[in-house]
Every structure is written in structure tokens, then in C-alpha cells.
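# Coordinates in review
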Amino acid sequence: MNRVETAGARPAVFLDRDGTIIEDRGHLGHIGQIELFPFAVEALRMLQEKYLLFIVTNQSGVSLGTITRDAAERVNTHVVRMLLSHGITIQQVYCCFHARHDQCDCIKPRPYFIEKAAGQFSIDIPRSYSIGDHPHDVEFGRAAGATGLYVFTGHGQKHKRELAHGALCFDDLLSAAQWIMAH
Ligand SMILES: [Mg+2]
Ligand SMILES: [Zn+2]
């Protein structure tokens, strides 16, 4: 991708939603089912001191017909509101509503949404991170020229054998955030 060095560009963290910030309920369509991980608020408060925060989520249930697009968007909006009530600002939620067989451009690990964010915000991508509980969340950051971090919450334990060798792994979002802030 072409990237122009911009004065004042800020690094960002691109966060997976399900299994990373909130419990993974699978095709979550009701705001009543949203459960923030207990460590998420502390982790995100820490990160936002230095990083713009984005949520990037694949909601294949929309394509598969298990949830509506409106329901997926209501959940995204509610997660943002819950975090805002704790003083955390999510700049934007980017959501892929497709399933893998749709072969869209925006499904992770394709770096589409990081590139889109870079077009909308002034972002220092080499100093940015992606974090998530699926190997695709790690590859997503790497493919854009950022650093991908893996967490063992959500589906993290289940998929860890599929991780690329040498991937940076953490127990949860809080330990990943502490590592980022120490770098
Ligand atoms: Mg996830
Ligand atoms: Zn998509």
C-alpha cells in the first residue's frame, strides 16, 4: 500500500470484538448478551493514552442469515456506548458482514479496514497493532504493515496451533496492552 508520512500521525490499535473485548457468544444479535471482559476497561484506558482505538469485527452471521445487519450494528453501537460510559473512545467500528465464501475484500485477515482507517484518520501504521483471539486477527495487522498480537481468551486456546511460528501471544487484552505500553 502507499502510505505518506504525515506530521502528527498517531499509532492505532485495531481490536477484534468477540473473544477479545467481549465474551464470544457466536453470532451475537442481542445487546442483552453483551458481556465486557472484566479486564477490558483497564486495558483500553491504558491504550488510549497513546493509541487511537478501532474495533474491526467479522460478523459472518449476517451473510449466513443467523442475525440481521441491523442487529449486528446495534450490538456494535452498544459496545461503543458501554466503553464510552467507562471513558473509552472507539474512533470507529469497521464491520465485515460477509462469510468467507463470499470472498469479499473486507474480511480479516485482509488488511482492507486498516487501509480504510488510514485513509480516514492520520495513522502511523508501522507503530500500530492488531489484537485478537484468531490467527486472522494477527495476520490482519501484519498484512497491513503493523504488528499483530494474539490473545488466549475467546477462541484463542482453540486456534493457537494454527498460529504462525513466533507469533506474540498473551493471556488476555490486559497483558497485551501492558506489553504494548512498555514498548
Ligand atoms: Mg474474535
Ligand atoms: Zn467483508
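The coordinates are above.
Throughout what follows, the structure given in this document is the object of discussion.

Definitions and cut-offs
Residues numbered from 1 in each chain as written. Chains lettered and ligands numbered in written order. Predicted model: local features only at pLDDT ≥ 70, side-chain atom pairs only at ≥ 80, totals over all residues. Heavy atoms only, no water. Donors = N, O, S within 2.8 Å, 3.2 Å for Na, K, Ca; no water. Buried < 20%, exposed > 50% of the residue type's maximum accessible area, 1.4 Å probe, protein only. Salt bridge = Lys/Arg side-chain N within 4 Å of Asp/Glu carboxyl O. Helix = DSSP H or I, 4+ residues; strand = E, 2+ residues; numbered from the N terminus. Pairing = 2+ DSSP bridges. Phe/Tyr/Trp six-rings, centres within 6.5 Å; stacked < 30°, edge-to-face > 60°.

The protein atoms that coordinate the magnesium ion (ligand 1) are Asp 16 (OD), Asp 18 (O) and Asp 133 (OD), at distances of 2.1 Å. Each donor residue of the magnesium ion (ligand 1) belongs to the same chain, with the gaps between them written as D-x1-D-x114-D. The exposure classification of Asp 16 matches that of Asp 18, with both residues buried.

With that settled, the discussion passes to the pattern of salt bridges. Counted according to the given criterion, the structure contains 7 salt bridges. The shortest N-O distance in the salt bridge between Arg 17 and Asp 18 comes to 2.6 Å. Judged by relative accessible area, which is 9%, Asp 18 ranks as buried. Here Arg 69 ties to Glu 73 by a salt bridge, and the two come within 3.4 Å at their closest N and O atoms. Note that Arg 69 and Glu 73 are positioned in helix α3 (residues 69–85) at a spacing of 4 residues, about one turn of the helix. For Arg 69, a relative accessible area of 46% puts it in the partly exposed group. Residue class for Glu 73 comes out partly exposed when judged on its relative accessible area of 33%. The network of salt bridges with shared partners includes Asp 16, Lys 108 and Asp 137.

With that settled, the discussion passes to the pairing of strand β2 (residues 52–58). Remark: a regular strand shows side chains that alternate across the two faces of the sheet. In terms of residue burial, β2 counts as a mostly covered element, since 6 of its 7 residues are buried. When β2 meets strand β3 (residues 92–96), the two strands line up parallel, connected through 5 bridges. The residue of β3 that forms the bridge with Thr 57 is Cys 95.

Taken as a whole and judged by the stated rule, the model has 10 aromatic pairs. On the numbers, 6.0 Å between centres and 25° between planes, the contact of Phe 54 with Tyr 94 is stacked. A residue pair is termed long-range when its members are at least 10 positions apart, and Phe 54 in strand β2 and Tyr 94 in strand β3 qualify at 40 residues. The two residues Phe 54 and Tyr 94 agree in class, both being buried. Geometrically, the ring pair formed by Tyr 129 and Trp 179 is edge-to-face, given 6.3 Å between the ring centres and 85° between the ring planes. With Tyr 129 in strand β4 (residues 129–132) and Trp 179 in helix α7 (residues 173–181), the pair connects residues that are 50 residues apart, well separated along the chain. When its relative accessible area of 9% is taken as the criterion, Tyr 129 is described as buried.

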